[in-house]
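This is what each chain is made of:
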Amino acid sequence: MTTKELKAKSIDYRKKILQYIKIANAGHTGGSLSCTDILNVLYNKVLNVSPGNFSSPDRDRYIQSKGHCVEALFVVLADQGFFPEEDLNTLCKYKSHYIGHPTKKVKGVEQNTGALGHGLPIATGTALAAKMDQKDFKVYTLMGDGEMPEGSNWEAALSAAQYKLDNLCAIVDKNGLQITAATKDVCNTDPLDKKWEAFGWAVKEVNGNDVEQLIAAFDSLPFEKGKPSVIIAHTTKGKGVSYMENQLKWHHGVPSNEEYALAQQELDKALSEL
Amino acid sequence: MAEQINTNSYKPNLEIFSATLQRLAVTDKNIIAVTSDSRGSGKLVPFGQKFPDQMVEVGIAEQNLVGVAAGLASCGKKVFAVSPACFLTARALEQIKNDVAYSDNPVNVIGISAGVSYGALGSTHHSLHDYAALRAVNNIIVVAPADNFETEKAIELAAATNHPVYLRFGKKPMPPLKEVNDDVFAFGKGRIICEGDDVAIIATGEAVYPALEAARKLQAQNIQTTVVSMHTIKPLDTALLESLAKKCKAIVTVEEHSVYGGLGEACASFLMQNNYHNKFKIIGIPDEYTVTGSQTEIMDHYGISEKGIADAVIELLK
C-alpha cells in the first residue's frame, strides 16, 4: 500500500468512525480520530495479523489499552475482513456484541479492555511468553496519554525492562486532552520521554497523525536491542474535522445532523485533495 | 525408628501446592509460577531453583502480577499467580475481574496466607472479603482446599482447567480430614467427611478441620453431625446442599471470612430461594475491627473452633 493509499485509508476510516458513532449515538469521538493513523499503519503495514491467521500462536498481538476508542478499532478490523462492516450498525445496541469497548466476542480483538492501565501488563506477559517459547511475534499496545497516571502502567514498564522485552512496543497516543481538561492540567506526566527512558525503555517521538513518520518508527523496531520500545505519538484529538480538533467537548461528543454532514464534507474534501 | 504421629508431621497446604506444582512442571514446561516477591511465603523457593525458566518475578506489584499472568495465559501458559490473598484480591481485583475472568484468560489466582493467617499483623494483611468479592465476579471458580489431599487434587485440576480459578490457602499445617481419601475430588462437588442426621456443618478451607473436631465432640453428646468440606464456594454444590436440607434439622456454615458475602450467605441464598427453612447459622468473622491475636486465637475468639462450633450447634438445636 502506497503512502497516498494509506492517507486515503485514514480519511475513509475517519468517515466510518463518525458514521457508526452517529448511528450508535455514542462513542469516543475525539480519541478515535486521534489514533486512526496509528491503527491504520499498524493493521495495514506492521501487524502480522489477519482473519486467516488469528488463531495462529505465531501472529503478532495488538492490545488496545485505550479501549474506549473502540470505534477506531472496530472500523479497522471490519476493513481487514474480520467481520462484515454492516455489523457495526448494531454498535452499542441491545444484545449486540459490538459494545463500547473491545471484547473478544468480536473477531480480531485480542483482549477485553476498557479499564485503563490494563493493556501494558497483559502485553508484557504476552511478550514474555513469546520470549519463553522463542517465538518471533511482536506485541503492540496502544495507550492514551490520559491513562499514563495509572500506576499499573509503570509496574509493567519496570517488568518489561527487567525482562528485556525488545519484542514489545507501546504506543502512547499523546493527544493532550482528557475528559476533564488538558492532560498537563489534570495530572501532568511530562516529560513523558524522560519517564519512559528512566524506566528502561527506548523512546521515539513522532507525529502520530503522519503515516510516514509512523511507518519509519515501526520499521526501526526494536529501537534498542534488549529494551522495550515506546513510540510517543503526538496527535491531535478530533483529527480531521476542523471543529472537533483540540476541543474538549468532542471527547465523547456525538455530532448533530448538521455537524455530521459538515464533518463528512470536510473529510470528502480532504480525500479529493490528496 | 517408628514414625510418631503428631501434629508436627502435618504439612501446610501451601507446601503441597508447591510440591504438586514441581511435580507437574517436570513434564510440563508450560507450568509457570508468577510471584510478587512472594516466593518465600508461597513455598516456591524450591520451584524457582529447579525451574528458573518457569518462574516469573514481578516484584511487589500485584496489579502487574495479574496482568502479566493474563498475558502469559493467553499464549497457552498454565499460570499460577501467587501473592498474599489480602493484596491479590483487593489491590488486583480489577485485573482479576477484567484481565482474567472477563477476558477468560485461564490464570490460576493463588491467594496465600489467606483469612487471618497473618494473625497479629492485622487487618491490612487479613483477607476476609475474597469470597464475597470473587463470588460477584463472573467466570471464576472459587476454591479453598481444606487439607493436603484436597490441595493436591485442586492444583492438578487447576492446571488442567482452561478457565480462571481462584485458590485460597492458609499457612498452618493441616491434618487430613479422612484416613482414606477414596472419594473423587472435583470443583463444585462438596466432600462429605462424616454423616449424621441432626445437623450439617458446611465448612470451607482451614475451617473444615475444627468443624470435624466439633462433630466428634457433638457425637459424645449424641448429636449426629454431617460435616461437608465445601471446598468450592463458586459454583456451589447446590445438589448436596439440597440433600442436606432435606436430611438434617439444622445447618451451620463455617468460614474464615467475613460473615457477609461468603459461603454462609451463598448457602442461605440458595436455601431460602428454594423454600428450605432449616434452622441456620453462619459462623465467620463479624463485621468489626478484628481482635488482635494469632490465627488460632482470632479463630477461637470468633467461634471458628471445636468448642465454638459445637456450642453454636447445641444452641441452634435448642
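Caption draft 1: Summary view of the overall build of chain B. Helix and strand counts for chain B stand at twelve helices and twelve strands. Radius of gyration (C-alpha) of chain B: 19 Å, near the 20 Å computed for a compact globule of 318 residues. Projected onto its principal axes, the C-alpha coordinates of chain B cover approximately 60 × 55 × 40 Å. For chain B, the proportion of its 318 residues judged to be buried stands at 54%. Long-range pairs, those at least 24 residues apart, make up 78% of the contacts in chain B with a sequence separation of at least 6.

Caption draft 2: The arrangement of the overall build of chain A in detail. Regarding its fold elements, chain A presents ten helices and five strands. The C-alpha atoms of chain A give a radius of gyration of 18 Å, which matches the 19 Å a tight globule of 274 residues would have. Its C-alpha atoms put chain A at 50 × 45 × 40 Å along the principal axes. Scored against the burial criterion, the 274 residues of chain A give a buried share of 50%. Residue pairs at least 24 apart in sequence account for 77% of intrachain contacts in chain A once pairs closer than 6 positions are excluded.

Caption draft 3: The arrangement of the nonpolar core in detail. If you look at the biggest cluster of nonpolar residues, it comprises 171 residues, and the most contacted ones within it are A:I171, B:V34, B:A69, B:A81, B:I201, B:A211 and B:I309. No other element matches the eight residues that helix 4 (residues 70–79) of chain A contributes to this core. A domain split of this core shows at least three residues from each of domain 1 (9–168) and domain 2 (191–317) of chain B.

Caption draft 4: Region of the structure containing the interface of chain B and chain A. With 23 residues of chain B at the contact, the number on the chain A side is 20 residues. Those elements giving two or more residues to the side of chain B that touches chain A turn out to be helix 3 (62–74) and helix 5 (93–102) of chain B.

Caption draft 5: Structural context of the sheet that holds strand 5 (residues 229–234) of chain A. All names here are of chain A. Judged by pairing direction, the sheet is parallel, and its five strands sit side by side in the order 1-2-3-5-4 without closing on themselves. The open sheet is flanked by strand 1 (61–64) and strand 4 (202–207), the only strands paired with a single partner. For this sheet, the mean angle separating the axes of adjacent strands, direction not counted, is 20°. Against the sheet, helix 5 (residues 119–132) makes contact with strand 1, strand 2 (139–144) and strand 3 (168–174), and its axis sits at roughly 170° relative to strand 2, the strand it touches most.

Caption draft 6: Looking closely at the domain arrangement of chain B. Residues and elements named next belong to chain B. When cut into domains, chain B gives domain 1 (9–168) and domain 2 (191–317). Summarising the inter-unit geometry, the C-alpha centres of domain 1 and domain 2 are found 26 Å apart. Of the residues lining the interface, 21 residues belong to domain 1; the matching set on domain 2 comes to 26 residues. Going through the elements one at a time, helix 6 (130–135), strand 5 (141–143) and helix 7 (148–160) are the ones with two or more residues in the side of domain 1 that touches domain 2. When its residues are assigned to classes, the side of domain 1 that touches domain 2 shows twelve nonpolar, six polar and three charged.

Caption draft 7: The sheet that holds strand 8 (residues 199–203) of chain B, seen in detail. Residues and elements named next belong to chain B. Pairing is mixed in the open sheet, where five strands are placed in the order 7-9-8-11-12. The sheet is open, and its two borders are formed by strand 7 (191–194) and strand 12 (279–285), each paired with just one other strand. Strand after strand, the sheet turns through a mean of 20° between neighbouring axes, direction not considered. Both strand 8 and strand 9 (residues 225–229) contribute to a ladder of five bridges, which runs parallel. Among the inter-strand pairings, I202 is bridged to a residue of strand 9, identified as V228. Where helix 8 (residues 208–220) meets the sheet, its contacts fall on strand 7, strand 8, strand 9 and strand 11 (250–258), and the angle it forms with strand 9 comes to roughly 170°.

Caption draft 8: Geometry of the packing of helix 3 of chain B against helix 5 of chain B. All names here are of chain B. Relative orientation of the contacting elements helix 3 and helix 5 amounts to 5°, with a least axis distance of 9 Å. As summarised for this structure, helix 3 and helix 5 are arranged roughly parallel, according to the angle between their axes. Contacts from Q63, V66, G67 and A70 in helix 3 reach Q95, I96, D99 and V100 in helix 5.

Caption draft 9: View of the pairing of strand 4 of chain A. All names here are of chain A. As judged from the six bridges shared by strand 4 and strand 5, these two strands associate in the parallel manner. In the strand pairing of strand 5, K204 is matched with I231. You can see the chain leave strand 4, run along helix 9 (residues 211–219) and come back into strand 5, and the turn it takes is right-handed.

Caption draft 10: Representation of unusual backbone geometry. Following A:D190, the chain continues into A:P191 via a peptide bond in cis, with omega recorded as -5°. Relative to the helices and strands, A:P191 resides in the loop between helix 7 (183–187) and helix 8 (192–198). Across the junction of B:K234 and B:P235, the peptide omega takes the value 0°, indicating a cis bond. Looking at the secondary structure, you find B:P235 in the loop between strand 10 (232–234) and helix 9 (238–247). Despite not being glycine, B:N275 shows a phi value in the positive range, around 65°. Along the chain, the position of B:N275 falls in the loop between helix 10 (263–273) and strand 12. For B:N275, a count of 7 C-beta atoms within 10 Å puts it in the exposed group.

Caption draft 11: View of helix 9 of chain A. All names here are of chain A. For helix 9, the set of buried residues is V211, L214, A217 and F218. For helix 9, the angular spread of buried residues about the axis comes to 125°, placing them on one side. Away from its buried face, by an angle of more than 90 degrees, helix 9 presents the exposed residues A216 and D219. Structurally, helix 9 contributes buried residues whose contacts are with helix 1 (3–24), helix 3 (36–46), strand 4 and strand 5.

Caption draft 12: Representation of the environment of B:L317 within the structure. All names here are of chain B. For L317, the location among the structural elements is in helix 12 (residues 306–317). A residue is classified by how many C-beta atoms lie within 10 Å of it, and L317, with 14 of them, is partly exposed. Setting aside its immediate chain neighbours within four residues, L317 contacts D198, V199, I223, K249 and A250.

Caption draft 13: How the structure looks around the environment of A:E259. Residues and elements named next belong to chain A. Examined against the element boundaries, E259 turns out to sit in helix 10 (residues 257–272). Take E259: there are 17 C-beta atoms within 10 Å of it, and that puts it in the partly exposed class. Taking the C-alpha atoms as reference points, E259 and P121, separated by 138 residues in sequence, lie 39 Å from one another.

Caption draft 14: A look at the packing of helix 6 (residues 151–162) of chain A against helix 3 of chain B. Where helix 6 of chain A meets helix 3 of chain B, the axes come as close as 8 Å, and the angle between the chain directions of the two elements is 65°. On the basis of the axis angle, helix 6 of chain A is roughly perpendicular to helix 3 of chain B. Classified by chirality, the crossing of helix 3 of chain B by helix 6 of chain A is right-handed. Packed against helix 6 of chain A, whose contacting residues are A:S152, A:E155, A:A156 and A:S159, the element helix 3 of chain B presents B:Q63, B:N64, B:G67 and B:V68 at the interface. Split into classes, the residues belonging to the contact of helix 6 of chain A with helix 3 of chain B amount to two nonpolar, five polar and one charged.

Caption draft 15: View of the pairing of strand 12 of chain B. Residues and elements named next belong to chain B. Inspection of the sheet shows strand 11 paired to strand 12 by six bridges, in the parallel sense. Within the sheet, the bridge partner assigned to A250 lies in strand 12 and is K279. Where the polypeptide runs from strand 11 across helix 10 and back to strand 12, its parallel neighbour, the crossover connection is right-handed.

Scoring rules and cut-offs
- Residues numbered from 1 in each chain as written.
- Chains lettered and ligands numbered in written order.
- Predicted model: local features only at pLDDT ≥ 70, side-chain atom pairs only at ≥ 80, totals over all residues.
- Helix = DSSP H or I, 4+ residues; strand = E, 2+ residues; numbered from the N terminus.
- Rg over C-alpha atoms; globule rule 2.2 N^0.38 Å.
- Buried ≥ 20, exposed ≤ 12 C-beta atoms within 10 Å, placed from the backbone.
- Contact = placed C-beta atoms within 7 Å.
- Core = buried A, V, L, I, M, F, W, Y, C linked by C-beta atoms within 7 Å.
- Domains from an automatic or database assignment.
- Pairing = 2+ DSSP bridges.
- Axes fitted to C-alpha atoms, helices over the stretch in contact; angles between N-to-C directions.
- Nonpolar A, V, L, I, M, F, W, Y, C, P; charged D, E, K, R; others polar.
- Parallel < 35°, antiparallel > 145°, perpendicular 65-115°, else oblique.
- Right-handed = clockwise from strand over helix to strand, strands pointing away.
- Arc of directions from axis to C-beta.
- Left-handed = near helix turned anticlockwise from the far one by under 90°.

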